Amino acid sequence: MKINLKSSFPLSISKFAAGQKNGRRSPAVSPRIDGMTGKTFIHEKAEIIGRVAIGPCSSVLPHAVLRGDLSTIEIGRYSNIQDCCVAHSDMGHFVRVGNFVTVGHGAVLHGTEIGDFCVVGMKSVLMNGSSVGRGSIVAAGTLVKENMKVPPFSLAVGNPAVIKENRYSDYATPLESALIYYYLTRWYLRGSLPGEDDVRNIYATAKSEATRISDMLMKGNDISSILDTPLPLPA
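About the thresholds
- Residues numbered from 1 in each chain as written.
- Predicted model: local features only at pLDDT ≥ 70, side-chain atom pairs only at ≥ 80, totals over all residues.
- Heavy atoms only, no water.
- Axes fitted to C-alpha atoms, helices over the stretch in contact; angles between N-to-C directions.
- Helix = DSSP H or I, 4+ residues; strand = E, 2+ residues; numbered from the N terminus.
- Parallel < 35°, antiparallel > 145°, perpendicular 65-115°, else oblique.
- Left-handed = near helix turned anticlockwise from the far one by under 90°.
- Contact = heavy atoms within 4.5 Å.
- Nonpolar A, V, L, I, M, F, W, Y, C, P; charged D, E, K, R; others polar.
- Pairing = 2+ DSSP bridges.
- Salt bridge = Lys/Arg side-chain N within 4 Å of Asp/Glu carboxyl O.
- Buried < 20%, exposed > 50% of the residue type's maximum accessible area, 1.4 Å probe, protein only.
- Expected span 1.5 Å × (residues − 1).
- Phe/Tyr/Trp six-rings, centres within 6.5 Å; stacked < 30°, edge-to-face > 60°.
- Core = buried A, V, L, I, M, F, W, Y, C linked by side-chain atoms within 4.5 Å.

Attention shifts here to the packing of helix 1 (residues 172-189) against helix 2 (residues 196-218). Between helix 1 and helix 2, the shortest axis-to-axis distance is 8 Å and the interhelical angle comes to 140°. In this view, helix 1 runs oblique relative to helix 2, as classed from their interaxial angle. In the packing of helix 1 onto helix 2, the handedness of the crossing is right-handed. Packed against helix 1, whose contacting residues are Ala172, Leu175, Glu176, Leu179, Ile180, Tyr183, Leu184 and Trp187, the element helix 2 presents Asp198, Ile202, Tyr203, Thr205, Ala206, Lys207, Glu209, Ala210, Ile213, Ser214 and Leu217 at the interface. Here the contact of helix 1 with helix 2 is built from residues that sort into 13 nonpolar, two polar and four charged.

Structure, rendered in structure tokens:
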């Protein structure tokens, strides 16, 4: 009997993506899910296999593979897994990605944990047992070896990774990156692409909202309302 692994994990929890192919289509964009601001966007050419949970306002882009067969994979809210990324859990090593995280094109996440407000650069590799602390940036092409712990607000660079310097202690850069993809994929959910003016508006709004939310965090304010209620789209 052939088992459809995409539907074998019970994704009945409302905050997780359902993986249905019911989106409106355009020649350039073919989403699985159609909806409003709080929906999760999963491109039809992404592969979601096994025990994978993806939070609202997040996105998985073309040719990314999330394979939760040996353990679980959890993606938080407002996070994006970009084109050609691979996330694979291992026995005893789940994959967990926090809120407002950007995982750049072609990165590999293998049994690793990434905190909130992080950027993982393109073609980076994060191995079993590694972790990236809140507010950190992993530079493009970096190898984070097994069991390495990247401290919060750090910049990890190189192969193997070294902590190059302590990053400034605000959240604006990771937030801006995550919000750009949040606003962009809302257009995908409509079955269309933004025009030039829309792109400028996306970037401007992401920057201003990132500054606002970063200031809230730096002052110790609670942002649960932002996590629970999707941000409005640019006017």
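Take the sheet that holds strand 3 (residues 59-60) next. Strand order in the open sheet formed by eight strands is 1-3-5-8-11-14-17-18, and the pairing between neighbours is mixed. Each edge of the sheet is formed by a strand with only one pairing partner; in this case those strands are strand 1 (41-42) and strand 18 (162-166). As judged from the two bridges shared by strand 14 (residues 137-138) and strand 17 (residues 154-157), these two strands associate in the parallel manner. Its bridge partner being in strand 17, Val138 is matched across the sheet by Ala156.

To continue, consider the pattern of salt bridges. Throughout the structure, instances matching the rule amount to seven salt bridges. In this structure, Glu113 engages Arg96 in a salt bridge whose closest nitrogen and oxygen atoms are separated by 3.6 Å. Residue Glu113 is found in strand 10 (residues 113-114), and its partner Arg96 is found in strand 7 (residues 95-97); the two are separated by 17 residues along the sequence. Of the residues examined, Glu113 reaches a relative accessible area of 33% and is grouped as partly exposed. Residue classification places Arg96 among the partly exposed residues on the basis of a relative accessible area of 31%.

Tracing the backbone shows Ala172 in helix 1. With 41 residues separating them in the primary sequence, Ala172 and Ile213 have C-alpha atoms 7.8 Å apart. Not counting residues within four places of it along the chain, the set of residues in contact with Ala172 comprises Ala210 and Ser214.

Taking 1.5 Å per residue as the helical rise, helix 2 with its 23 residues ought to reach 33 Å, and the 33 Å between its terminal C-alpha atoms agrees with that figure. The complete set of buried residues in helix 2 reads Ile202, Thr205, Ala206, Glu209, Ala210, Ile213, Ser214, Met216 and Leu217. Summarising the contacts, the buried residues of helix 2 are in contact with helix 1 and helix 3 (224-228). Looking one or two residues past helix 2, Gly220 carries a phi angle of roughly 80°, positive in sign.

Moving on to the packing of aromatic side chains. Applying the stated rule across the entire model yields seven aromatic pairs. A centroid spacing of 5.0 Å and a plane angle of 65° characterise the contact between Tyr78 and Tyr182, whose relative ring orientation is edge-to-face. You can see Tyr78 sitting in the loop between strand 4 (65-75) and strand 5 (80-81) and its partner Tyr182 sitting in helix 1, a full 104 residues away along the chain. Grouping residues by exposure puts Tyr78 and Tyr182 together as buried. Grouping aromatic residues by their ring pairs yields a cluster made of Tyr78, Phe100, Phe117, Phe153, Tyr171, Tyr182 and Tyr183.

Turning our eyes to something else, we now look at the nonpolar core. In terms of nonpolar packing, the biggest core is built from 30 residues, with Ile54, Val60, Leu66, Ile81, Val103, Leu109 and Ile114 touching the most fellow members. Counting residues per element, the ones that place at least two in this core are strand 2 (47-54), strand 4 and strand 7.

A few words on the side chain of Ser131. Looking at the element boundaries, Ser131 is found in strand 13 (residues 131-132). A residue is classified by how much of its surface remains accessible, and Ser131, at 18% relative accessible area, is buried. Setting aside its immediate chain neighbours within four residues, Ser131 contacts Thr112, Glu113, Met148, Lys149 and Val150.

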